[in-house]
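# Structural characterization, general
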Amino acid sequence: MSSINPSFKKSGKSVSESPIDPVRIASQILKGDKASLSRAITFAESRKKEHQEIANKILEACVANRKPEKSHSLPSRRIGITGYPGAGKSTLLEALGLLLVHKGASVAVLTVDPTGLRTDGSILGDKTRMNELSKHPSAFIRPSPSSKSLGGVTTSTYTSIQLCEAAGYEWVFVETVGVGQSEAMVSLMSDIVCLLLIPGAGDDLQGMKRGLMDMVNVLVINKSDGPNIEQAKQTAQHYQQALGWEVLNKSSVTHPHSVIHRVSATSGEGLSDLLDWLSQWWESGLQSGAIHRKRDVTIDRLMTIEASLLLKQWMDSVIDVNSPDWKQAKRNLLEGNQVLPTALKPVVESLLSKSKNS
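A few points on the structure. (Residues numbered from 1 in each chain as written. Predicted model: local features only at pLDDT ≥ 70, side-chain atom pairs only at ≥ 80, totals over all residues. Heavy atoms only, no water.)

### Focus on the packing of aromatic side chains
In total, this model carries three aromatic pairs according to the counting rule given. Aromatic pair Trp-171 and Phe-173: ring centres 6.1 Å apart, planes at 15°, arrangement stacked. You'll find Trp-171 and Phe-173 in the same group, each marked buried. Relative to Trp-281, the ring of Trp-277 lies with its centre 5.1 Å away and its plane at 35°, an arrangement referred to as tilted. Of the two residues, Trp-277 and Trp-281 are both situated in helix H13 (residues 271-288); the distance of four residues between them amounts to about one turn of the helix. Classification of Trp-277 by relative accessible area gives buried; the value is 0%. Of note, Arg-77 hangs over the ring of Trp-282, and the distance from its end group to the ring centre comes to 4.4 Å. (Phe/Tyr/Trp six-rings, centres within 6.5 Å; stacked < 30°, edge-to-face > 60°. Buried < 20%, exposed > 50% of the residue type's maximum accessible area, 1.4 Å probe, protein only. Helix = DSSP H or I, 4+ residues; strand = E, 2+ residues; numbered from the N terminus. Lys NZ or Arg CZ within 6 Å of the ring centre and 35° of its normal.)

Given below as structure tokens:
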């Protein structure tokens with residue numbers, strides 16, 4: 001049997017050359033089509049400008065065609081999950097996701113694939129780690145290539161969140177590779193941030209930056225089962241003494257505040273209480289306006305980041321190292337006559353002036 005020719009043509013046009021219709025893809029996403037959602041996220045994550053433009057058009061079409069009653073509502077709960085490698089983030093996410101879908105909710109999980117730099121992301125890897133959840137019709141699991149971003153969370157992740165919300169997912173979880181500088185980004189994009197630890201991690205407090213703890217809403221001590229139970233209790237006490245946070249109880253579920261909680265993702269112990277706390281925190285923040293205020297700050301910050309990237313791209317495209325202004329600035333620096341900001345100021349002013357007049 002002859003092999004299928006990859007350049008097979010239908011009606012005189014290559015299948016691979018069929019035009020991309022952002023409006024049609026958006027229509028499919030709004031209907032909950034997972035393949036179209038995955039395709040849109042692939043465009044959003046691409047470094048190619050034309051792909052990012054397609055992703056923007058898809059998202060704009062989703063917004064333009066969504067149901068009127070959803071136009072001014074917050075469509076989903078955004079939950080950030082971070083923690084050291086080996087803490088069981090994927091196992092916890094699958095357990096929480098299964099609890100939610102069995103209650104009738106829809107769940108999207110955006111995970112950072114640490115092998116993304118080589119493979120450009122692999123759906124297979126995440127479906128292997130969340131095998132049962134990935135099969136559920138109300139769940140969507142998508143890896144994001146970590147690329148050059150520490151922790152893997154970038155502005156494209158925010159676009160992916162928006163696309164998942166457009167598809168109707170009520171809970172969107174964002175999982176990072178591990179604890180690093182980019183946890184500021186996952187905190188920015190999430191309504192609630194969970195830091196996952198394991199029993200015996202109490203000593204890690206010394207190595208944690210205070211800034212990281214300021215971003216976290218709940219410390220989740222996973223693997224609190226079997227012979228680990230006593231050690232898990234001691235770890236919870238260490239954090240309680242150091243941070244002044246309470247261990248999760250009925251009072252903190254009714255009136256949510258930052259807490260420490262022990263769970264076992266494998267046995268299910270403590271997961272329902274954690275889910276109740278997450279729900280109550282979000283509802284409380286929604287009623288008080290805290291969620292809206294945080295998302296307002298998120299937009300300001302993301303706009304600043306994106307504007308900086310666009311300006312850098314523009315600068316890279318217009319800088320001419322052979323121009324008279326550049327050569328003069330270089331001479332001034334080599335001769336020690338000026339400091340770097342002073343030398344470059346006329347170069348930048350010249351570029352801005354040319355841009356304004358063009």
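### Regarding unusual backbone geometry
For Lys-223, which is not a glycine, the phi torsion comes out positive at approximately 60°. Positionally, Lys-223 belongs in the loop between strand S8 (218-221) and helix H11 (229-243).

### Details of the packing of helix H8 (residues 155-166) against helix H14 (residues 290-318)
It is at 10 Å that the axes of H8 and H14 come closest, and there the two elements cross at 135°. On the basis of the axis angle, H8 is oblique to H14. Remark: the crossing between H8 and H14 carries left-handed chirality. Each of Thr-155, Tyr-158 and Glu-165 in H8 lies in contact with H14, whose residues at this interface are Arg-295, Thr-298, Ile-299, Leu-302, Ile-305 and Glu-306. A class-by-class count of the residues in the contact of H8 with H14 yields four nonpolar, two polar and three charged. (Axes fitted to C-alpha atoms, helices over the stretch in contact; angles between N-to-C directions. Parallel < 35°, antiparallel > 145°, perpendicular 65-115°, else oblique. Left-handed = near helix turned anticlockwise from the far one by under 90°. Contact = heavy atoms within 4.5 Å. Nonpolar A, V, L, I, M, F, W, Y, C, P; charged D, E, K, R; others polar.)

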